[in-house]
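Each chain, letter by letter, is given below.
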Amino acid sequence: MLTGRTLSARVASLLLTLWLVSALVFLAGQVLPGDVARVMLGPFADAQAVAALNRQLGADQPLLVQYWRWFSAALTGDFGTSLSMRAPVAPFVLASLGRSAALAGIILLFLVPLGIGAGIAAGLNQGRLPDRLIVLAGVSFGIVPDFVSGLLLLLVFGLWLNWLPITGAAPDGAGFWTSGYYLILPALPLVLNLAGYLARMTRTGVIEALAADYTRTAILKGLDRRQVIVRHVLPNALTPTIAVLATQSGYMLGGLVVIEALFGIQGLGNLVLNAAKSRDFPMLEAGVLVMATIFVLSAALGDFVQALLDPRQRRRASL
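Residues numbered from 1 in each chain as written. Predicted model: local features only at pLDDT ≥ 70, side-chain atom pairs only at ≥ 80, totals over all residues. Heavy atoms only, no water.

## Quick look at the overall build of the protein chain
Note the following rule: For helices the rule is a DSSP run of H or I covering at least 4 residues; for strands it is a run of E covering at least 2, with both sets numbered from the N terminus onward. Only protein chains enter the accessibility calculation, which uses a 1.4 Å probe. A residue is then buried if its area is under 20% of the maximum for its type, exposed if over 50%, and partly exposed in between. Working rule for contacts: check all heavy atoms of both residues, and any pair within 4.5 Å makes them a contact. Throughout, the Shrake-Rupley method with a 1.4 Å probe supplies accessible areas, and for residues the shown protein chains are the sole cover considered.
The helix and strand tally for the protein chain stands at 16 helices and 0 strands. Here the protein chain, with 319 residues, has 38% of them falling under the buried criterion. Expressed as a percentage of contacts within the protein chain between residues at least 6 apart in sequence, the contacts between residues at least 24 apart total 72%. For the protein chain, the computed accessible surface area is about 17600 Å², with 68% contributed by carbon and sulfur atoms.

## Examining the pattern of salt bridges
Inclusion rule: Salt bridge criterion: a side-chain nitrogen from Lys or Arg within 4 Å of a carboxyl oxygen from Asp or Glu.
All told, the structure shown has 2 salt bridges when counted by the stated rule. The shortest N-O distance in the salt bridge between Arg-216 and Asp-213 comes to 2.3 Å. Taken together, the positions of Arg-216 and Asp-213, both in helix H10 (residues 213-220) and 3 residues apart, correspond to about one turn of that helix.

## Some words on a nonpolar patch on the surface
The test is simple: Here the term patch refers to residues with relative accessible area over 30% and no salt bridge, with like charges joined within 9 Å and nonpolar side chains (Val, Leu, Ile, Met, Phe, Trp, Tyr) within 5 Å.
A cluster of nonpolar side chains, namely Phe-147, Val-148, Leu-151, Leu-152, Leu-155, Val-156, Leu-159, Trp-160, Leu-161, Trp-163, Ile-166 and Val-258, defines an oily patch on the protein surface of about 1100 Å² accessible area. A residue is classified by how much of its surface remains accessible, and Leu-161, at 30% relative accessible area, is partly exposed.

## Examining helix H11 (residues 225-237)
For the record, the criterion: An expected span of 1.5 Å times one less than the residue number is assigned to each helix.
Spanning 13 residues, H11 covers only 16 Å between terminal C-alpha atoms, well under the ideal 18 Å at 1.5 Å per step. By the burial criterion, the buried members of H11 are Val-228, Ile-229, Val-233 and Ala-237.

## Considering the nonpolar core
Rules: Working definition of a nonpolar core: buried Ala, Val, Leu, Ile, Met, Phe, Trp, Tyr and Cys residues. They are joined through side-chain atoms within 4.5 Å.
Leu-103, Ile-107 and Leu-111 are the most contacted members of the largest nonpolar core, which totals 31 residues. Mapped by element, the contributors of at least two residues to this core are helix H5 (89-124), helix H7 (146-160), helix H9 (184-210), H11 and helix H12 (239-254). If you look at the next biggest cluster of nonpolar residues, it comprises 25 residues, including Val-25, Leu-271, Leu-289 and Val-296.

## Regarding the packing of helix H6 (residues 129-142) against H9
Packed helix pairs are specified by the crossing angle of their axes together with the interaxial distance, meaning the distance between the axes. Note the cut-off: The convention used is that axes are lines fitted to C-alpha atoms, helices contributing only their stretch in contact, and that angles between N-to-C directions extend from 0 to 180 degrees. Throughout, the term roughly parallel applies to angles under 35 degrees, roughly antiparallel to angles over 145, roughly perpendicular to angles from 65 to 115, and oblique to all others. When the near helix sits turned anticlockwise from the far one by under a right angle, the crossing is termed left-handed; a clockwise turn instead gives a right-handed crossing. The residue classification treats Ala, Val, Leu, Ile, Met, Phe, Trp, Tyr, Cys and Pro as nonpolar and Asp, Glu, Lys and Arg as charged. All others, Gly included, are polar.
Between H6 and H9, the shortest axis-to-axis distance is 7 Å and the interhelical angle comes to 140°. With respect to their mutual orientation, H6 and H9 come out oblique. When the axes of H6 and H9 are compared, the crossing they make is left-handed. On H9, the residues touching Asp-131, Val-135, Gly-138, Val-139, Phe-141 and Gly-142 of H6 are Leu-192, Asn-193, Gly-196, Arg-200 and Arg-203. Looking at the contact of H6 with H9 residue by residue, the classes come out as 4 nonpolar, 4 polar and 3 charged.

## What about the packing of aromatic side chains?
Here the distance between the centres and the angle between the planes together describe a pair of aromatic rings. Here is the rule: Aromatic contacts are taken between Phe, Tyr and Trp rings whose centres are within 6.5 Å, Trp giving its six-membered ring; a plane angle under 30 degrees counts as stacked, one over 60 as edge-to-face, and the others as tilted.
Scanning the model with the defined rule gives 8 aromatic pairs in all. With 5.5 Å between their ring centres and 35° between their planes, Phe-26 and Trp-70 make a pair best called tilted. In this pair, Phe-26 is assigned in helix H1 (residues 4-31) and Trp-70 in helix H4 (residues 63-75), connecting sequence segments 44 residues apart. Clustering of aromatic rings is evident, with ring pairs tying together Phe-26, Tyr-67, Trp-68, Trp-70 and Phe-71.

## Remarks on unusual backbone geometry
Of note in this structure, Arg-86 is not a glycine but carries a positive phi near 55°. Along the polypeptide, Arg-86 turns up in the loop between H4 and H5. For Asn-162, which is not a glycine, the phi torsion comes out positive at approximately 60°. Relative to the helices and strands, Asn-162 is located in the loop between H7 and helix H8 (176-182).

## Regarding the UniProt feature "transmembrane region" (unreviewed entry) in the protein chain
What counts here: UniProt positions are given in the numbering used here, feature names are shortened, and annotations may be inferred rather than shown by experiment.
Per the UniProt record, "transmembrane region" (unreviewed entry) is annotated on residues 101-121, 133-160, 180-199, 250-268 and 288-309. Helix makes up 100% of residues 101-121 and strand 0%, and the two end C-alpha atoms of the span are 29 Å apart. The distance separating the terminal C-alpha atoms of residues 133-160 is 28 Å; by composition the span is 89% helix and 0% strand.

## Quick notes on the environment of Thr-247
Along the chain, Thr-247 turns up in helix H12. Spatially, the C-alpha atoms of Thr-247 and Val-296 are 8.8 Å apart, while their sequence positions differ by 49 residues. Those residues in contact with Thr-247, other than ones at most four positions away along the chain, are Ser-298, Ala-299 and Gly-302.

## Concerning the environment of Val-244
Looking at the secondary structure, you find Val-244 in helix H12. Sequence separation between Val-244 and Tyr-197 is 47 residues, and the spatial gap between their C-alpha atoms is 10.0 Å. Once you skip the residues sitting within four places of it in the chain, Val-244 turns out to touch Tyr-197 and Met-201.

Given below as structure tokens:
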């Protein structure tokens, strides 16, 4: 298990990273072209009115003062007021994050059994026909961009066969199962794109675990093949795969801009894209900050899970 010193160092590093992310997000928002007051009042507003609004908003204050005010408010969940919606930013960000989380959940629901199951089957049949077919299919689907496979799946299953809705936005008031049904088609491109990579990682882990000393020792003790695989091979083979899944979850929550735009899902990625188009700086900064925080936390979670589950690290920690 992780020692207290190691855990404290990782938490401190995580907090420092999050603070640096917040500073970079704020600075990036400041260097973007455009004036907050000018955006709010319009291009034909009087210069004195623009200057007065900038003073009211604090945009004329030193950069460090502006950053501290924005950062301290963000810590309490207050991201300011949207310039385009004329309403607090936080509810829009939370609603978009919820939609992205629902899509990520559907992706994982299909991805985990498909990718890990295919990887285990390939690793247990190394060099044989099932292994070659799984590797070939994984590589083939993995090199196709998700927007290309998304368009093809939309045309085939949404328009031609009419099996699935062509939009990911369920009707207002739709229940849990109906909302999930609308997200199946948007989830499939990412499932196909990521399943091959996940299967290859699992396959490599299974092959290495089968050749390890502890597996040979278990076989020599007389354990049958099923016991060896369940007790010794899979727990060790799936450790890096689980860590990668934790890291990929961050991408699924905030990085699916193309898929969300293609299927009309008002998720976090689409929120950031629309905020950039409309120069809605408070919305843009809040969306990017939340997205970056998710990426950092998911990467840290992946490292933590790998350190927690890896037998070699557990042995080193116990020395």
